[in-house]
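Commentary on secondary and tertiary structure
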Amino acid sequence: MYHIDIMTLFPDTVGDVLSESILGRAQERDYLRINTHQIRDYTLNKQKQVDDYPYGGGRGAVMQADPLYQCWQHICSQYPGVRPHTIYLSPCGKTFTQADARRLAAEYDHLILVCGHYEGIDQRFIDAYVDEEISLGDFVLTGGEIAAMAVADAVSRLVPGVLPDPECFENESHWDGTLEHPQYSRPAVWHDMAVPEILTSGNHAKIAQWRRKQSLIRTRDRRPDLYAKLDLSSKADQKLLQEIAAEEGRA
Ligand SMILES: C[S@@+](CC[C@H](N)C(=O)[O-])C[C@H]1O[C@@H](n2cnc3c(N)ncnc32)[C@H](O)[C@@H]1O
């Protein structure tokens, strides 16, 4: 079973979101266990205060190292003999990608995700107990919860058994460096817009080619950075590129 423990000031909100739908069922079936922990429960003061003023001055408050450590230590004590891989969600971290989700799902079976709040957390906790810092993107959130939920969700769906079949995620955007083709469902015509004819043809080989072509066009147009990294040297891709060029009047 894959374990994810999340240290947060909002355990109920985080727990509720991550126990819905696919991830909820995966936990019922024991493929996955996501636990949330209230950092305030690990303070020694009556007010359950977890933050204090920043040394050096400035606005806001910083989450203190000790409640974080006590909470982290409590989680670790439940898994004797292993040190869970500990991640601090932070705008100063490396930007999270699908490759990170794959790595975290494949290389570990237990993650601790630490959510900061206010101005962030005391650097000494990071230095001593955090293995990596992950950012959701180049923007600042009020807390690490949304980022932790995103990481937990993206990793969990790659854990064997959580989705019915690896095909469920292997054909999706970012798995092979491309964006996914457009998707359609019933009815075949909606608001005078018909589904592309090929998709109702029943010709699976042609459908696969059409999807690959759409995926290449989409990746090229929306994410030239990803497109530039693709290896399109196969005969099949070269043929599709020629078709695309012809359709766009470039050949
Ligand atoms: C207001 S932010 C602190 C920002 C920090 N003072 C800075 O300038 O880097 C509070 C918390 O939200 C979380 N957070 C904010 N932006 C994030 C992002 N882009 N990715 C992941 N976590 C983020 C972190 O856990 C952080 O401790």
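None of these values were measured; they are calculated from a predicted model. (Residues numbered from 1 in each chain as written. Predicted model: local features only at pLDDT ≥ 70, side-chain atom pairs only at ≥ 80, totals over all residues. Heavy atoms only, no water.)

**A look at the site of the ligand**
Inspection of the region around the ligand gives 21 residues, with Y88, L89, L136, F139 and L141 positioned closest. At 2.6 Å from an oxygen atom of the ligand is found a side-chain nitrogen or oxygen belonging to Y88. Within the backbone of G137, one N or O atom sits 3.1 Å away from a nitrogen atom of the ligand. Burial of the ligand by the protein amounts to 84% of the accessible area it has alone, namely 580 Å². Residue assignment for the shell around the ligand shows that the elements contributing at least two residues are β5 (85-95) and β7 (132-135). The biggest single contributor to the shell around the ligand is β5, with five residues. Considered class by class, the residues forming the shell around the ligand number eleven nonpolar, nine polar and one charged. (Near = heavy atom within 4 Å. Polar contact = N/O pair within 3.5 Å; in protein donor to acceptor, adjacent residues only side chain to side chain. Areas by Shrake-Rupley, 256 points an atom, 1.4 Å probe, with all protein chains shown as cover. Helix = DSSP H or I, 4+ residues; strand = E, 2+ residues; numbered from the N terminus. Nonpolar A, V, L, I, M, F, W, Y, C, P; charged D, E, K, R; others polar.)

**Description of the pairing of β5**
Regular strands show a simple pattern: their side chains alternate between the two faces of the sheet. Here β5 pairs with strand β6 (residues 110-115) via five bridges, running parallel. The partner of H85 across the bridge, within β6, is L111. Note that the unit made of β5, helix α4 (residues 98-107) and β6 has a crossover that is right-handed. Bridging between β5 and β7 involves five bridges; their strand directions are parallel. Across the sheet, I87 pairs through a bridge with E132, a residue of β7. (Pairing = 2+ DSSP bridges. Right-handed = clockwise from strand over helix to strand, strands pointing away.)

**Here's the deal with the sheet that holds β6**
One open sheet accounts for five strands, arranged β2-β1-β6-β5-β7; its pairing is parallel. Whereas interior strands pair on both sides, the edge strands pair on one side only; in this sheet they are β2 (32-38) and β7. With strand direction ignored, the average angle separating the axes of adjacent strands in the sheet is 30°. Two elements, strand β1 (residues 2-8) and β2, share seven bridges in a ladder whose sense is parallel. (Axes fitted to C-alpha atoms, helices over the stretch in contact; angles between N-to-C directions.)

**Focus on the domain arrangement of the protein**
For the protein, the assigned domains are domain 1 (2-167) and domain 2 (175-247). Just the C-alpha atoms count here: the centres of domain 1 and domain 2 sit 37 Å apart. (Domains from an automatic or database assignment.)

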